[in-house]
Amino acid sequence: VQLVEAGGGLVQPGGSLRLSCGHSDLPFTTYAMSWYRDAAGKARQLVASLHKHEGPANYADSVKGRFTISGDSAKKVVYLQMDDLKPEDTAVYLCNAAGPVIGVGLTEFWGRGTQVTVSS
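So, here is what we can say about the structure in this document. (Residues numbered from 1 in each chain as written. Predicted model: local features only at pLDDT ≥ 70, side-chain atom pairs only at ≥ 80, totals over all residues. Heavy atoms only, no water.)

### Structural notes on the nonpolar core
Thought 1: Of all hydrophobic cores here, the largest spans 28 residues; its most connected members are Met33, Trp35, Val47, Phe67, Leu80, Met82 and Tyr93.
Thought 2: Sorting the residues of this core by element identifies strand 3 (17-23), strand 4 (32-38), strand 5 (45-51), strand 7 (67-72), strand 8 (77-82), strand 9 (91-101) and strand 11 (114-118) as the ones contributing at least two each.
Thought 3: At 4 residues, the largest contribution of residues to this core is made by strand 9.
Thought 4: For Tyr93, the residues in contact, after removing those within four places along its chain, are Glu5, Leu19, Trp35, Tyr36, Arg37, Val47, Phe67, Leu80, Met82, Gly113, Thr114 and Val116. (Core = buried A, V, L, I, M, F, W, Y, C linked by side-chain atoms within 4.5 Å. Buried < 20%, exposed > 50% of the residue type's maximum accessible area, 1.4 Å probe, protein only. Helix = DSSP H or I, 4+ residues; strand = E, 2+ residues; numbered from the N terminus. Contact = heavy atoms within 4.5 Å.)

### Brief notes about the environment of Val47
Thought 1: Structurally, Val47 is set in strand 5.
Thought 2: Its relative accessible area of 1% is what places Val47 among the buried residues.
Thought 3: For the pair formed by Val47 and Tyr93, sequence separation is 46 residues and the distance between their alpha carbons is 8.9 Å.
Thought 4: Those residues within four positions of Val47 in sequence are excluded, and the remaining contacts are Trp35, Tyr36, Arg37, Asn58, Tyr59, Ala60, Val63, Phe67, Leu80 and Tyr93.

### Description of the sheet that holds strand 7
Thought 1: Strand order in this open sheet of 4 strands is 1-3-8-7, and the pairing throughout is antiparallel. Edge positions in the open sheet fall to strand 1 (3-6) and strand 7, since each of these has one partner strand only. Between one strand and the next, the sheet's axes are offset by a mean angle of 15°, whatever the strand orientation.
Thought 2: As defined by bridge partners, strand 7 adjoins strand 8 across 6 bridges and the pair is classed as antiparallel. For Ile69, the partnering residue across the bridge sits in strand 8 and is Leu80. (Pairing = 2+ DSSP bridges. Axes fitted to C-alpha atoms, helices over the stretch in contact; angles between N-to-C directions.)

### Describing the pattern of salt bridges
Thought 1: If you walk through the whole model with that rule in mind, you get 5 salt bridges.
Thought 2: Ionic pairing is found between Arg44 and Asp38, a salt bridge with its closest N-O pair at 2.8 Å.
Thought 3: For Arg44, a relative accessible area of 42% gives the class partly exposed.
Thought 4: Residue Asp38 is classed as partly exposed on the basis of its relative accessible area of 26%.
Thought 5: Asp61 serves as the salt-bridge partner of Lys64, at 3.2 Å between the closest nitrogen and oxygen. (Salt bridge = Lys/Arg side-chain N within 4 Å of Asp/Glu carboxyl O.)

The structure is reproduced here in structure tokens:
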């Protein structure tokens, strides 16, 4: 399974970015698609998750009301719309797909990440 993120970049505070995560076929019948972020000196943080590609969605308190996760199962893509970005949102954003695989158990796949830098 391959997951490839895109859409990161440099943006000013208050600006917006939309990240995308394209993926190959998933070996799950039930799963969650999530965005995590790695910020310098901090533990990896779960930013948002989505049950399959439709929902429900869950968000970290720090991004509620500013970020929106969505997906399209036919296009095999998950998005993270990020609005009103703040310097503390600066991080590498990683896409994750997780679900149970018969005979294996909970299995996760990760993308390599895309850098988001919020700075004036």
